Amino acid sequence: AWHAVRRRRVLIWLAFIVQCAVAISIQVVNDVSTGYFSHYGPARGLANAHRVVRFEMAHHLWIEPASQMFFRHTHHVLDFTITWSFVSDLIVNLYVFGHALITLFVAMWVWVYRRRFFPLIRNTFFLTNAIAWFFYDRFPVAPPRLTSNLTYRRHPYTFLDPLYGVINGANIPVRARFNEFSAVPSIHIGWATIVAAALILLTRPLWIKVLAAFYPFLVLTVIVVTGNHYVFDGIVAIGDVGVAGACAFGLEFPRRWLVGMFTSRILPWLTLKQRLRLCRKVASTPTLTLPSAVGGPSE
């Protein structure tokens, strides 16, 4: 019996790893496909970037230069001195590592404690990335750090690039990695929105809900200060998640309806012998939905 439980645990976590690998693969395919098979070059990305800037100016959203300039200055908080060097190192680590680790941690938590909601959240991730690919290919937008001839308060402004040498500017050609001139929507904001929504809806402590609501704004600050995205990119990402979530819910509802129909309409008509036979068959099949197989509480 112990070996059966251990085998079931291995299968459960293997299923989790496979699904995470699929989500990562979709994003990698997005990056590689736009890098190698993009229909438009840098010129279109730069032109669209200036269109985005004009849109933000018209709607009082052009705050990216002010945000970066604020953190470029040295600030003193109590006995701490906050310099641009410290801020740049912090936001680079949050951009590259924090985003992925926090998403993975929340996915693991949902898998262990709220597994019946995992398919909905997983499909939302999948569809968010799929919709993002359409924008990457059809509406490429250069990030602020690569956009020239920008002005702020009638003065020329050039964004600093803290990520230079980390995810860009290496000796490998850009097209061999990803298309840097396709930055809309921001997947960082998209994933942060999904994570925040999952924690707000599925957790009970108020302090976790508050931190979860603050998380997308933290990510927005990171992507703006690094010069990697506009505020517009985040707005599009939230819309992307909304459409993806609605589609994922639409896919999930029929499955739950069929399960409910079986248990409420079909199961009562089965004889006791047929029910016992069905229970034995289900018990002998490794399932991925039994909380006891994880060894943790169901709440």
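A brief structural summary. Just so it is clear, the structure is predicted and the values come from calculations on it, not from any experiment. (Residues numbered from 1 in each chain as written. Predicted model: local features only at pLDDT ≥ 70, side-chain atom pairs only at ≥ 80, totals over all residues. Heavy atoms only, no water.)

1. Digging into the packing of helix α5 (residues 118–138) against helix α6 (residues 187–202)
α6 packs onto α5 with a crossing angle of 160 degrees between their chain directions and a minimal axis gap of 10 Å. Taken together, the axes of α5 and α6 lie roughly antiparallel to each other. Classified by chirality, the crossing of α6 by α5 is right-handed. Taken together, the residues of α6 that come into contact with α5 (itself represented by Ile 121, Thr 124, Phe 125, Thr 128, Asn 129, Ala 132 and Tyr 136) are Ile 187, Trp 191, Ile 194, Val 195, Ala 198 and Leu 202. The residue inventory of the contact of α5 with α6, partitioned by class, reads 10 nonpolar, 3 polar and no charged. (Axes fitted to C-alpha atoms, helices over the stretch in contact; angles between N-to-C directions. Helix = DSSP H or I, 4+ residues; strand = E, 2+ residues; numbered from the N terminus. Parallel < 35°, antiparallel > 145°, perpendicular 65-115°, else oblique. Left-handed = near helix turned anticlockwise from the far one by under 90°. Contact = heavy atoms within 4.5 Å. Nonpolar A, V, L, I, M, F, W, Y, C, P; charged D, E, K, R; others polar.)

2. Observations regarding the packing of aromatic side chains
On inspection of all chains with the given rule, the structure shows 12 aromatic pairs. A centroid spacing of 6.4 Å and a plane angle of 35 degrees characterise the contact between Trp 62 and Tyr 230, whose relative ring orientation is tilted. Of the two residues, Trp 62 is situated in the loop between α2 (42–58) and α3 (64–72) and Tyr 230 in the loop between α7 (206–225) and α8 (231–266); the sequence distance between them amounts to 168 residues. Consider the rings of Trp 111 and Phe 118, whose centres lie 4.8 Å apart with planes at 75 degrees: the pair is edge-to-face. Take Trp 111 and Phe 118: they sit in the same class, and that class is buried. (Phe/Tyr/Trp six-rings, centres within 6.5 Å; stacked < 30°, edge-to-face > 60°. Buried < 20%, exposed > 50% of the residue type's maximum accessible area, 1.4 Å probe, protein only.)

3. What to know about a nonpolar patch on the surface
On the surface, Leu 14, Val 18 and Val 22 cluster together into a nonpolar patch covering about 230 Å² of accessible area. Inspection of the secondary structure puts Leu 14 in helix α1 (residues 2–37). Here Leu 14 falls in the partly exposed class, since its relative accessible area comes to 46%. (Patch = residues over 30% accessible without salt bridge, like charges linked within 9 Å, V, L, I, M, F, W, Y side chains within 5 Å. Areas by Shrake-Rupley, 256 points an atom, 1.4 Å probe, with all protein chains shown as cover. Salt bridge = Lys/Arg side-chain N within 4 Å of Asp/Glu carboxyl O.)

4. Some points on the packing of α6 against α7
For the pair α6 and α7, the least separation of the axes is 8 Å and the interaxial angle reads 175 degrees. As far as their axial angle goes, α7 and α6 are roughly antiparallel. Residues His 188, Ile 189, Ala 192, Thr 193, Val 195, Ala 196, Leu 199 and Ile 200 of α6 form the contact with α7, whose own contacting residues are Lys 209, Ala 212, Ala 213, Tyr 215, Pro 216, Val 219, Leu 220 and Ile 223. Residue classes in the contact of α6 with α7 are distributed as 13 nonpolar, 2 polar and 1 charged.

5. What to know about the side chain of Thr 193
Examined against the element boundaries, Thr 193 turns out to sit in helix α6. On the basis of relative accessible area, Thr 193 is assigned to the buried category, the value being 18%. Other than its neighbours up to four places away in sequence, Thr 193 contacts Pro 216, Ile 238 and Val 241.

6. Some words on the environment of Ile 194
Relative to the elements of secondary structure, Ile 194 occurs in helix α6. Residue classification places Ile 194 among the buried residues on the basis of a relative accessible area of 6%. As for Ile 194 and Val 241, which are separated by 47 residues in sequence, their C-alpha atoms are 7.1 Å apart. Ignoring any residue separated from it by four or fewer positions in sequence, one finds Ile 194 in contact with Ile 121, Thr 124, Phe 125, Thr 128 and Val 241.

7. Here's the deal with the pattern of salt bridges
Under the definition given, this model contains 1 salt bridge. When the shortest N-O distance is used, the salt bridge between Arg 145 and Asp 161 registers 3.7 Å. Of the two residues, Arg 145 sits in the loop between α5 and β3 (150–152) while Asp 161 sits in the loop between β4 (155–157) and α6, which places them 16 residues apart along the sequence. What makes Arg 145 buried here is its relative accessible area of 11%. Asp 161 gets classed as partly exposed once you look at its relative accessible area, which sits at 21%.

All quantities given are derived from atomic positions and should not be read as evidence of function.
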